[in-house]
Amino acid sequence: MSHRFDKHYTRDEARELLPQIRKSLAALNRLREALQRYEKRLSGLTEQGNDVGGETVNNWIRALAAMQEILADFQRRQIFIKDLSRGLVDFPAIIGGREVFLCWEQDEDDVEFWHDLETGFGGREKLP
């Protein structure tokens, strides 16, 4: 049987990554807010016909690069961010021989739910 993902997580493996994932999500949300601030500033500057401020551009590029680095780490681990503001994350897993997602939201203390690859958050079921 072929699987969509190369990497599958046990509940314990997913659980062990939670502290790191919490940190990464917090950093991503901070960077996203910073990007929005810089973009607002940049569009304000260009509307006024000013030369775009070098420092703002550099900060924007740095924030973007930092964000891409964190996202690349998630991608490498095959962990999927479904909703950044909610901190909703899916881990590929095998349950009863089926490929599914372990599903975790940042206000949850533990990995307690799973859902089919197709159903998403609405189809969450409690892990046995």
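Note: the structure precedes this text.
This one's a predicted model, so the numbers in the text were calculated from it and none came from an experiment.

A. Spatial organisation of the pattern of salt bridges. Counted by the stated rule, this structure contains 10 salt bridges. In this structure, lysine 82 and aspartate 90 form a salt bridge, with 3.8 Å as the shortest nitrogen-oxygen distance. Using a relative accessible area of 2% as the deciding quantity, one classes aspartate 90 as buried. When the shortest N-O distance is used, the salt bridge between aspartate 116 and arginine 98 registers 2.2 Å. Of the two residues, aspartate 116 sits in strand E4 (residues 113–116) while arginine 98 sits in strand E3 (residues 98–105), which places them 18 residues apart along the sequence.

B. Seen up close, the pairing of E4. Alignment of E3 against E4, held across 4 bridges, turns out to be antiparallel. Counted as the bridge partner of cysteine 103 is phenylalanine 113 from E4. Two strands pair when backbone bridges link them, and E4 and strand E5 (residues 125–126) are joined in this way by 2 bridges, in the antiparallel orientation. Bridge pairing links tryptophan 114 to glutamate 125 in E5.

C. Structural view of the environment of asparagine 59. Mapped onto the secondary structure, asparagine 59 falls in helix H2 (residues 54–77). Here the alpha-carbon distance between asparagine 59 and leucine 35, two residues 24 residues apart in the chain, equals 8.5 Å.

D. Broad picture of the pairing of E3. Of all 8 residues making up E3, 7 are buried, and the element is well covered by its neighbours. When strand E2 (residues 88–95) meets E3, the two strands line up antiparallel, connected through 8 bridges. Along E3, the bridge assignment pairs isoleucine 95 with arginine 98. Connecting the antiparallel pair E2 and E3 is a turn made up of 2 residues, with glycine 96 showing a positive phi of about 55°.

E. View of the packing of aromatic side chains. One pass over the full model with this rule turns up 4 aromatic pairs. For the ring pair phenylalanine 5 and phenylalanine 101, a centre distance of 5.5 Å and an interplane angle of 50° mean the geometry is tilted. Residue phenylalanine 5 is found in the segment before helix H1 (11–47), and its partner phenylalanine 101 is found in strand E3; the two are separated by 96 residues along the sequence. A single burial state applies to phenylalanine 5 and to phenylalanine 101, both of which are buried.

F. Region of interest: the nonpolar core. Formed by 27 residues in total, the largest nonpolar core has its most connected members in Ile21, Ile79, Phe91, Leu102 and Trp104. Here this core gets 11 residues from one element, more than from any other, and that element is H1. Not counting chain neighbours up to four residues away, the residues in contact with phenylalanine 91 comprise Tyr9, Ala14, Leu17, Leu18, Ile21, Ile79, Val100, Phe101, Leu102 and Trp104.

G. Main features of H2. The end-to-end C-alpha separation of H2 is 35 Å, in line with the 34 Å expected for 24 residues at 1.5 Å each. Of the residues making up H2, those classed as buried are Thr56, Asn59, Ala63, Met67, Ile70 and Phe74. Following H2 by one or two positions, glutamine 78 has its phi on the positive side, about 60°.

H. Structural detail: the sheet that holds E3. The antiparallel open sheet is built from 5 strands, whose spatial order is E1-E2-E3-E4-E5. The strands lining the two open edges of the sheet, one partner per strand, are strand E1 (80–83) and E5.

Reading the values: rules and limits
Residues numbered from 1 in each chain as written. Predicted model: local features only at pLDDT ≥ 70, side-chain atom pairs only at ≥ 80, totals over all residues. Heavy atoms only, no water. Salt bridge = Lys/Arg side-chain N within 4 Å of Asp/Glu carboxyl O. Buried < 20%, exposed > 50% of the residue type's maximum accessible area, 1.4 Å probe, protein only. Helix = DSSP H or I, 4+ residues; strand = E, 2+ residues; numbered from the N terminus. Pairing = 2+ DSSP bridges. Phe/Tyr/Trp six-rings, centres within 6.5 Å; stacked < 30°, edge-to-face > 60°. Core = buried A, V, L, I, M, F, W, Y, C linked by side-chain atoms within 4.5 Å. Contact = heavy atoms within 4.5 Å. Expected span 1.5 Å × (residues − 1).

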